[in-house]
Amino acid sequence: MAKSVLAATLAWWVAHDLLKATSPAFAPFSAVLTMSITIYRSVWQTLRYIAAVVLGVAVQSAIGFTAGPDLFAFIVVAVIALALGQWSALGEQRNQIATAAFFAFSTYAAASTNSDRALQLGQIILLVLIGCGIGLIVNLCIAPPLRYRSAEQGLQILAAEMESLLDDMADGLCSGDVDAERAEQWRAAGERVQSAVGQAREGLTAAENSLPFNPRRLLPAHRGYLAFGRYRQALDAMERAVYQLASLTRSLGRWRETEDTYNYAPVLEAYADFALRLRDIAHVIAELDSDILTEQAGEMCELATVAQDHLQKVLNAARENELPLANASRPYGVLVVEATRLMEEFQNTCDVLKDTAGD
């Protein structure tokens, strides 16, 4: 906010005090509009905004100098500008086409001669360029945002959601409490975990986009934190794990719906112990820290080995208790398959972080 205030003030001073512009507000408005969470995004938003303003002014110029500043001309300008505003290439700045066209029409109508009108319309574009330039310079030179921690934070939030769900599942399975209400709670929690994947992706994208054009990435203090390949690979594996976890919650819901009695307590208990081991891995990921990633990756791999042992206990319990795994109308086979796939993705996550910890 402080940077936006500074950029707006400088832009107003240049437009109002130095240039004596008729409509100086265009400059600070443009300066604030270019401020963004990353330099990369600021550049793209600036280019799109300038293109939108130029299009809006061009539409007004073409219609205004042809038909004059009357009501019919305004209708034509509005129709064309709003139609161009549907152009998706300009992203969120496409609405600025109509805004610029309307302001340009107002400025055009207030001028008395064609030369004065042309001067005023050109001045609008000049003020926009000045405001955008000042906004970019301020954003670039004063603490340019370098959001490399966003990649970590996205994984942490996702892992924390998975940890909470696995912990509750383990508690319910261990006690045999898989009633309809709890199964529905697990399904709802599974949906929250899936939404956390999108947040993690956004955090990773923000981290990657904070690097281009950012001079702070060249400082020695930051160089060790700017490789995001490990986070992308880990997030891909965790996303697949989330899919398997959501499928697992649905299968447990089916278990509750299709069974009147629970004759497979040893299997449920083994499943609960397995879920607890996965929860322990998720707990470490929820506290992910690049500074101690080597130690954390080693700990996760050790926990994954323990989880593999508990998965084997699930498989043994299923075999010893003669679960109808081949019966497609019963959910047991699916539960065993989901447990195996879930373990694979947790193992992949651990392996990725371990293999890239020193990068």
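These figures come from a predicted structure and were not determined experimentally. Numbers given for residues are sequential positions, taken from 1 along each chain in its written order. In view of the model being predicted, local features appear only for residues whose pLDDT reaches at least 70, and side-chain atom pairs are presented and counted only at 80 or more, with totals across whole chains, interfaces and linings using the full set of residues. Hydrogens are left out, water is left out, and the side-chain values use all remaining heavy atoms of the structure.

A. Spatial organisation of the packing of aromatic side chains. Two aromatic rings, drawn from Phe, Tyr or Trp (for Trp, its six-membered ring), form a pair once their centres lie within 6.5 Å of each other, and the interplanar angle then sorts them: stacked below 30 degrees, edge-to-face above 60, tilted otherwise. Under the defined criterion, the tally for this structure stands at 6 aromatic pairs. Seen from their ring centres, Y271 and F274 are 6.4 Å apart, and the 85° between their planes marks the pair as edge-to-face. Note that Y271 and F274 are positioned in helix α11 (residues 265–286) at a spacing of 3 residues, about one turn of the helix. In this pair, the class of Y271 matches that of F274, namely buried. Through a chain of ring-to-ring contacts, three or more aromatic side chains come together here, namely F74, F102 and F105. Sitting over a ring, as applied to charges here, requires NZ of Lys or CZ of Arg to be within 6 Å of the ring centre and within 35 degrees of the ring normal. Over the face of the ring belonging to Y108 we find R117, whose NZ or CZ atom lies 4.7 Å from the ring centre. We count a stretch as a helix when DSSP gives it H or I for four or more residues in a row; a strand needs E for two or more, and each element gets its number in order from the N terminus. Each residue gets one of three labels from its accessible area relative to the maximum for its type: buried under 20%, exposed over 50%, partly exposed in between, using a 1.4 Å probe on protein chains only.

B. Representation of the packing of helix α1 (residues 2–18) against helix α2 (residues 26–34) in the model. In this analysis, axes come from line fits to C-alpha atoms, helices being fitted only over the stretch in contact, and the angle between any two N-to-C directions falls in the range 0 to 180 degrees. Taken N-terminus to C-terminus, the directions of α1 and α2 make an angle of 155°; their axes are 7 Å apart at the nearest point. By the angle between their axes, α1 is roughly antiparallel relative to α2. The two elements α1 and α2 cross, and the hand of that crossing is right-handed. Touching S4, A7, A8, A11, W12 and A15 of α1 are A27, P28, A31 and V32, all from α2. To sort the angles, those under 35 degrees are grouped as roughly parallel, those over 145 as roughly antiparallel, those from 65 to 115 as roughly perpendicular, and the leftovers as oblique. Handedness of a crossing follows from how the near helix is turned relative to the far one, being left-handed for an anticlockwise turn of less than a right angle and right-handed for a clockwise one. Contact between two residues is taken to exist if any of their heavy atoms lie within 4.5 Å; hydrogens are not considered.

C. Looking closely at the packing of helix α3 (residues 39–67) against helix α5 (residues 96–110). Remark: α3 packs on α5, axes separated minimally by 7 Å, with the N-to-C direction vectors making an angle of 45°. Classed by the angle they form, the pair α3 and α5 counts as oblique. Seen from above, α3 lies across α5 with right-handed handedness. In this structure, α3 contributes Y49, A52, V53, L55, G56, V57, Q60, G64 and F65 to the contact, and α5 contributes Q96, I97, A100, A101, A104, F105 and Y108. Each residue gets one of three labels, nonpolar for Ala, Val, Leu, Ile, Met, Phe, Trp, Tyr, Cys and Pro, charged for Asp, Glu, Lys and Arg, and polar for the others, Gly among them. Of the residues that constitute the contact of α3 with α5, the class distribution is 12 nonpolar, 4 polar and no charged.

The quantities given are spatial measurements derived from coordinates; they are silent on function.
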